[in-house]
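# A closer look at the structure
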Amino acid sequence: MVLEFQKPRPIWQIMFSTHHTDIGLLYLISSLAFLFLGGSLALAIRAELFFPNIEGTGQIIADSMTFNRIFTVHGTTLIFLFIIPFASAVGNYFVPIMVRYKDMAYPKLNAIAFWMIPPAAVLVWLGFADFTWYAQPPYSIISAPGPAADMWIFGLKILGISSVLGAINFVVTILKCKHPDMSIGQVPLLAWSFLVTSCIIIVAIPTFAAALLMLLTDRLGISGFFNPAMGGDPIAYSHLFWFTFHPEVYVLVLPAIGMMYEIIPRFSRKPIYSYNSGIFAFVLLAIVAFSSWAHHMFATGMSFTEKTVFMVGTLAAVPASAMHVFNFIATMWNGRIKFATPMMWAVGGIALFFAAGAGGVVNSAMPLDFSTHDSYWVVGHFHLFVMGTIAFASIGFVYYMFPYVTGRMYNETAGKAHFVLSFVGTVLVFFTQHVLGLFGMPRRVFDYPPIPEWIAMNQIASVGAMIIGTSMVIFLINMIYSSAKGELANIEDPFGLGGKYYYPFEAKNPHH
Amino acid sequence: MKRMIGLFLVLAVLVIIPAIDLAFAAGDEPGEYLDRRVIIWNLFFRLMAVAFTVGAVVSGTLIWLVWRFRESNPKAKPTAYEGTDW
Amino acid sequence: MSGHSNWPEWIYIAVVVALMAWVGAEAWNAERLVEHVPEGAEVIKVTAQQWFWTFEHEDGTKEIGELHVEVGKAYKFEIESKDVIHSFNIHDYVVLMDAVPGRVNTVWFAPTDVGEHAIQCREYCGLLHYNMRGTLYVEEPSS
């Protein structure tokens, strides 16, 4: 328990701490703050797209450049400042407890990795670049206005380093600092998900670090890596970027699946159906993750053979993900399930995970990409992953860890209301966007022609977004109020599930 | 037996008929070019049929599970692990 | 560690793998058909730049923002860009291919009905990406 509003600790004590629970708390607060900030940008996007701009009406945002900046910072914020730091929050708080060690392997490095996030976030937000979160050249070199572009590049460089430092810490903690009586085959699946994710990060991020540096030198005019006039090729950036960012999407999803592996067995009151399948699926997914990156580039003029190879690589990842779904379903079977808030979020997340994956399989079928590439289908698809699976698992886990972090219980009715509204809203926005993409609406557009079907679907999506926004307000109020005034929780078993946990949840914060 | 016939019919529609169709498909004479729209959307709708079928099975299973094994179900009984050191 | 039989899991994985193999095979076949450019397709050069499309027919005719083609003929687009990456898209005919500076990408189609269709840009290219549109006019053959 590290957050007690009634007996507040000095802020400087938390900020200068290197204990894993305090750093976990810092990551938690920062990532949730960015969830709300990035989400607000999304609401601005959906408000603008509610009406097409006909003769000056229906326009809320001043101009298209502002809109382009908004969606760039929206994506950058939610991926790099919410999802990844949130996973670090959970990992930092729980991994040392799970491996029965007193802290992370390198506590000071841990603190440094966290404190790199605020300056990077400041660079991204004060810059407010407009070149989408891909920063694809040549646009990002010859056309994107600086200093926004350069600030974004530096911000992301810092975030990449922070990620790698965190990854190193997790790998060493799990492999080298685990309790001598604990074999690697007894480490909980949530810890395994962090181990595997960290390995992916260490292999994948350096490629993007190189790409960022090359982008910067190109922008400065001292190199021509991505400039055809100087012998370069913009598609080289695409390869470098996607070589990192396809595995990166697994970096985003694996901790969320790990969180589901915590919640689902506990709330079903039985152990996970197959621990070994879980490990196998994690490791297989991590390896196969590196074989599919160019499916993002099917429209760039690749040859038939190249496209086939990457389609096969993409499809090869599906059985591994399917193994996790099977594991969850088989775990719930014959259970006695308590549908408290965390469990609702986890199960909702599984359903949307399937929908996201199915849409992805369709996308990866080469010729179908001609219909869906860079349209709202893709927007709907990846949001079902990042919102429907990852954010759902993450938010469910916030409710799950709430009693441990604060010693109090959140309001259960508000938590369930948050889930129902978010689920309805998510389906309304992102399922609709799949259809919108099939009707041809491109992504990243400030405005669209007044085609009746497009207008109707944009409006449905915007209504869904407002519903999600409302649910997030409920969430914020619940979190703040309950942290200060919630009922005191029974730390041994806050949810009344019974059973003895196989690792102690009481984290020993030295300042308490 | 009925399941085999049902399965065979589904397989026929989804796999065999389009395959034969394409084998006899028109070639390259002017006025008889392949219509990329038809090929692509045809593939899309077939994949959608399979995706929604699998989706119905997965979500149907989840809904049934969630209903049958909820703790408030009159038929709910403790799991084999409750009361032990799991 | 698991003391129970797990043949359901093996069957489930086999079904998933079979499904993925089917998807892959179907997609491979469809792509093979779609990519085969017919002999004698008329070449149209498409040039993308911020933020409009220009077209040049085989006989030298140039068009800006509009493209006139004839029903029943096969056309091969050779797509280039003058500045940043754009993407040439006629959604109604499922024609989509990036315009990348420094290379020429090709895609073909054969319109089957008379009509008007939208041409749009499908790769973010800045300020007026959302308005980088054109019109395709499919007309009866002139001869």
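Report on the accompanying structure. (Residues numbered from 1 in each chain as written. Chains lettered and ligands numbered in written order. Predicted model: local features only at pLDDT ≥ 70, side-chain atom pairs only at ≥ 80, totals over all residues.)

### A closer look at the interface of chain C and chain B
If you look at the interface, chain C gives 16 residues, while chain B gives 13 residues. Considering only residue class, the side of chain C that touches chain B consists of 12 nonpolar, two polar and two charged. (Contact = placed C-beta atoms within 7 Å. Nonpolar A, V, L, I, M, F, W, Y, C, P; charged D, E, K, R; others polar.)

### Remarks on the packing of helix α9 (residues 234-268) of chain A against helix α10 (residues 275-288) of chain A
All names here are of chain A. Two numbers describe how α9 lies on α10: the axes approach to 11 Å, and their chain directions differ by 175°. Here α9 is positioned roughly antiparallel relative to α10, judged by the angle of their axes. Packed against α9, whose contacting residues are Y250, L254 and Y261, the element α10 presents G278, F282, L285 and A286 at the interface. A breakdown of the residues in the contact of α9 with α10 according to their chemical character gives six nonpolar, one polar and no charged. (Axes fitted to C-alpha atoms, helices over the stretch in contact; angles between N-to-C directions. Helix = DSSP H or I, 4+ residues; strand = E, 2+ residues; numbered from the N terminus. Parallel < 35°, antiparallel > 145°, perpendicular 65-115°, else oblique.)

### As for the sheet that holds strand β6 (residues 86-90) of chain C
All names here are of chain C. If you trace the five strands from one edge of the open sheet to the other, you get β4-β10-β9-β6-β7, paired in mixed fashion. Because the sheet does not close on itself, it has two edges, and the strands there are β4 (66-70) and β7 (95-99). When strand polarity is set aside, the average angle formed by the axes of neighbouring strands in this sheet is 20°. Where strand β9 (residues 115-121) meets strand β10 (residues 134-139), five bridges bridge the pair, whose relative direction is antiparallel. Looking at the pairing, G115 lines up with V138 of β10. (Pairing = 2+ DSSP bridges.)

### Focus on the sheet that holds strand β3 (residues 62-64) of chain C
Residues and elements named next belong to chain C. Read from one edge to the other, the open sheet built from five strands follows the order β3-β2-β1-β5-β8, with strand pairing classed as mixed. This sheet does not close on itself; its edge strands, each paired only once, are β3 and β8 (105-109). For this sheet, the mean inter-axis angle between neighbouring strands, taken without regard to orientation, is 25°. Both strand β1 (residues 42-49) and strand β2 (residues 52-56) contribute to a ladder of five bridges, which runs antiparallel. Bridging from a neighbouring strand, A48 pairs with W53 of β2.

### Considering the environment of G348 of chain A
Residues and elements named next belong to chain A. Tracing the chain through its elements places G348 in helix α13 (residues 341-364). C-alpha of G348 to C-alpha of V424: the two residues are 76 residues apart in sequence and 10 Å apart in space. In this structure, G348 is in contact with F392, F419 and F423, ignoring residues within four places of it in sequence.

### Notes on the interface of chain C and chain A
Reports often express the size of an interface as the amount of accessible area lost when the parts come together. Counting residues at the interface gives 41 residues for chain C, matched by 45 residues for chain A. No other element matches helix α1 (residues 7-35) of chain C, which puts 14 residues into the side of chain C that touches chain A.

### Looking at helix α11 (residues 304-316) of chain A
Between its terminal C-alpha atoms α11 of chain A stretches 18 Å, which fits the 18 Å expected from 13 residues at 1.5 Å a residue. Residues of α11 of chain A that are buried include every one of K307, F310, M311, T314 and L315 of chain A, and no others. Down the axis, α11 of chain A shows its buried residues gathered within 140° of arc, on one side only. For α11 of chain A, the elements touching its buried residues are α12 (318-332), α13 and α14 (366-372) of chain A together with α1 of chain C. (Expected span 1.5 Å × (residues − 1). Buried ≥ 20, exposed ≤ 12 C-beta atoms within 10 Å, placed from the backbone. Arc of directions from axis to C-beta.)

### Digging into the packing of helix α3 (residues 64-98) of chain A against helix α15 (residues 376-406) of chain A
Residues and elements named next belong to chain A. Running from amino to carboxyl end, α3 crosses α15 at an angle of 40°, the nearest separation of the two axes being 11 Å. Seen along the crossing, α3 lies across α15 with a hand that is left-handed. Contacts between α3 and α15 involve L78, I83, F86, V90 and Y93 from the former and V386, I390, S394, F397 and M401 from the latter. Broken down by class, the residue content of the contact of α3 with α15 amounts to nine nonpolar, one polar and no charged. (Left-handed = near helix turned anticlockwise from the far one by under 90°.)

### Quick word on the nonpolar core
Core analysis: the largest hydrophobic core is formed by 229 residues, its most contacted members being I83, A191, M260 and L285 of chain A. Here I83 of chain A is in contact with L78, L252, V386 and I390 of chain A, once residues within four sequence places are set aside. (Core = buried A, V, L, I, M, F, W, Y, C linked by C-beta atoms within 7 Å.)

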